[in-house]
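Topology and contacts: notes
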Amino acid sequence: MQYHSTRGGAAEANSAQAVLLGLAEDGGLYLPKTFPELDWRRCIGVDTLTMAEKILSAFLPDIPNMQELVTRAYSGKFETEDLTPTVKTDRFTVLELFRGPTSAFKDVALSMLPQLMTAAKTEAGMQEDILILTATSGDTGKAALAGFQDVPGIRICVFYPDGGVSDVQRRQMVSQEGNNVTVCAVRGNFDDAQTGVKNIFAACQGKELPFALSSANSINIGRLVPQITYYFKAYSDLVVSGQIDLGDPVNFSVPTGNFGDILAGFLAKKLGLPVGKLICASNANNVLTDFIRTGTYDRRRPLYKTTSPSMDILVSSNLERLLYLLSGDTALVAELMAKLNTQGYYTVPADLLEKVQQIFWAGYSDDARGADTIRRVWQEQGYLCDPHTASGWAVAEDYVNQTGDNRPMVVLSTASPYKFPAAVLSAIGGDTAGDEFAQMERLEAVTGVKIPENLSGLRQKPERHTGVIDKEDMLTFVLKL
Ligand SMILES: *Cc1c(COP(=O)(O)O)cnc(C)c1O
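Nothing here was measured: the structure is a model prediction, and the numbers come from that model.

**Quick notes on the overall build of the chain**
In terms of regular secondary structure, the chain is built from 21 helices and 16 strands. Its C-alpha radius of gyration of 21 Å places the chain within 12% of the 23 Å reference for a compact globule of 481 residues. Expressed as lengths along the three principal axes of its C-alpha atoms, the size of the chain is roughly 60 × 50 × 45 Å. The buried share of the chain, reckoned over its 481 residues, is 59%. With an accessible surface of roughly 17,600 Å², the chain has 46% of that area assigned to carbon and sulfur atoms. Distance between charge centres in the chain, computed from 44 positive and 56 negative side chains, equals 1 Å.

Below, the structure is given as structure tokens:
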């Protein structure tokens, strides 16, 4: 299956090559030239691994033995066999995406990506090592490190913003074991780190290097496709439990940062899954809310540090894919992205905005409202959620209140509350004294919700990666690896 760049200026690649390349050479993102077909009904009522196999095979037909790859990626690695359980509350259904090996929703994709890459590498007859280069605002880093740890023929280097991730997230990363992993802090914020990584790709293009560069960010199509599965899984759960009939539309509220998670929902909809509205929930960094409401994307604004740091993003890379999928116009996408790069903003044509608004609805919730939501959801629904999930919940409520659309709502839960114990504890009125580990234990004592095992054991783990560098030095750092 042929893939091409959203900007139209790069050579086509088959699906295996697209996974190996990550970013297209014109700076665009890979998408299939012709959208894959799949009988979505055959993905309902089957187990999650089978769903994943069908969806991955439809998008990445040039990668063989998909069933085996899916089993290797997921089997026995998540807390539950169904990978992403749903929890019914009186108000909404919660789709828990954080039951993987690092308690991050990114485990869903980053458990799979290494398997896709090694298979694609074999398929392409590629001899040299791949170096995975990734910038993280917290959860991606650890999930990628865990996914790629000791995978033969692949090395991984993760950059994170110094002081820009939680203590637990930092410890998860710097304690990472494996003989093919590097972790380094960068002075600056997430956008600095991500821009630094993009610049390294640009600087290394066409150079003779001892490795081939690739990415594990959600710009890689092999990272995005595994995320489609959990929309089917949630829908299937609602059908199997008799809450909806096959074919009834379901709305999804998605805590959004880089626009990867919610774009996977759009891809599920394009495959035929009866997705109603996709609700894009932001925190105080509400650049996407403004875009979806007005058609102008404007990153010329301050970046706020919030209690939901994985959503503290001003440039949501995967939005570019949506613009292409809705317009089919690579020249337009290239022009808009160039304008974003040089002038810091762009406005989409009115007909394109109309298409966006038919599918998406957007809102945001700041830290104070997030805390209030955590408290209310705990007291009224008996469900303990983290600050990212709280944004999704609050904006889902706004959506229902403002539109009166009462179709079933699934709120995607993207992090364990134990990833952000201080914010969660203070929201429910608990004492936040002590370090994050003390806070985790108190949160467990107060709520009776169990600490995930991978987090409770962290305190004992030695810190193996302690470097901090300036963003200007990232290229030099990578060339020395
Ligand atoms: C990555 C992340 C998000 C945002 O997902 P995107 O695909 O970047 O939109 C939300 N919540 C948490 C906890 C995350 O780690």
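That was the structure; now back to the text.
**Some remarks on the pairing of strand β1 (residues 2–5)**
Sheet analysis places β1 next to strand β2 (residues 13–14), joined by 2 bridges and oriented antiparallel. Its bridge partner being in β2, Tyr 3 is matched across the sheet by Ala 13. Where β1 and strand β3 (residues 30–32) come together, 3 bridges link them in antiparallel fashion. Paired with Ser 5 across the bridge in β3 is Tyr 30.

**Topic: the state of the cysteines**
Using the criterion set out here, one finds 0 disulfides in the structure. The structure places no disulfide on Cys 204, whose sulfur is separated from the nearest cysteine sulfur, that of Cys 157, by 11 Å. Residue Cys 204 is classed as buried on the basis of its relative accessible area of 8%.

**Describing the environment of Gly 457**
In this fold, Gly 457 is placed in the loop between α20 (453–456) and β16 (468–470). By relative accessible area, which is 32% here, Gly 457 ends up partly exposed. Between the alpha carbons of Gly 457 and Phe 437 there is a distance of 9.7 Å; along the sequence they are 20 residues apart.

**With respect to the sheet that holds β1**
Spatial strand order, β2-β1-β3: 3 strands in an open sheet with antiparallel pairing. Edge positions in the open sheet fall to β2 and β3, since each of these has one partner strand only.

**Thoughts on the environment of Ala 13**
Relative to the assigned elements, Ala 13 resides in strand β2. We classify Ala 13 as buried; its relative accessible area is 3%. Along the chain, Ala 13 and Phe 360 lie 347 residues apart, while their C-alpha atoms are 30 Å from each other. When residues no more than four places from it in sequence are discounted, the contact partners of Ala 13 are Met 1, Gln 2, Tyr 3, Ala 18, Leu 21 and Tyr 30.

**Thoughts on the layout of surface pockets**
Here the second largest pocket is characterised by a volume of approximately 290 Å³. When residues in the lining of the second largest pocket are grouped by element, the largest group, 3 residues, is from helix α18 (residues 421–427).

**Details of the site of the ligand**
As a matter of local geometry, the ligand sits amid 15 residues, with Lys 106, Gly 257, Asn 258, Asp 261 and Thr 414 nearest to it. Between an oxygen atom of the ligand and a side-chain N or O atom of Ser 310, the distance comes to 3.4 Å. Across the complex, the protein chains shield 98% of the 380 Å² of accessible surface that the ligand would expose by itself. A majority-of-atoms criterion places the ligand in the largest cavity. Considered class by class, the residues forming the shell around the ligand number 5 nonpolar, 7 polar and 3 charged.

**Observations concerning empty space enclosed by the protein**
Using the criterion set out here, one finds 5 cavities of 30 Å³ or more in the structure. Counted as a void, the largest cavity has a volume near 280 Å³. As for the largest cavity, its lining consists of 25 residues, and the residues nearest its centre are Phe 105, Lys 106, Gly 257, Asn 258 and Ser 310. Every element with two or more residues in the lining of the largest cavity is listed here: α6 (139–148) and α11 (260–270).

Cut-offs and rules
- Residues numbered from 1 in each chain as written.
- Predicted model: local features only at pLDDT ≥ 70, side-chain atom pairs only at ≥ 80, totals over all residues.
- Heavy atoms only, no water.
- Helix = DSSP H or I, 4+ residues; strand = E, 2+ residues; numbered from the N terminus.
- Rg over C-alpha atoms; globule rule 2.2 N^0.38 Å.
- Buried < 20%, exposed > 50% of the residue type's maximum accessible area, 1.4 Å probe, protein only.
- Areas by Shrake-Rupley, 256 points an atom, 1.4 Å probe, with all protein chains shown as cover.
- Lys, Arg positive; Asp, Glu negative; His and termini not counted.
- Charge placed at Lys NZ, Arg CZ, Asp CG, Glu CD.
- Pairing = 2+ DSSP bridges.
- Disulfide = S-S within 2.5 Å.
- Contact = heavy atoms within 4.5 Å.
- 1 Å grid on protein atoms, 1.4 Å probe; cavity = no way out; pocket = protein on both sides within 12 Å on 5 of 7 lines; lining within 4 Å.
- Points joined across faces, edges and corners; volume = space filled by probe spheres on them.
- Near = heavy atom within 4 Å.
- Polar contact = N/O pair within 3.5 Å; in protein donor to acceptor, adjacent residues only side chain to side chain.
- Sits in = over half its atoms within 2 Å of the grid points.
- Nonpolar A, V, L, I, M, F, W, Y, C, P; charged D, E, K, R; others polar.

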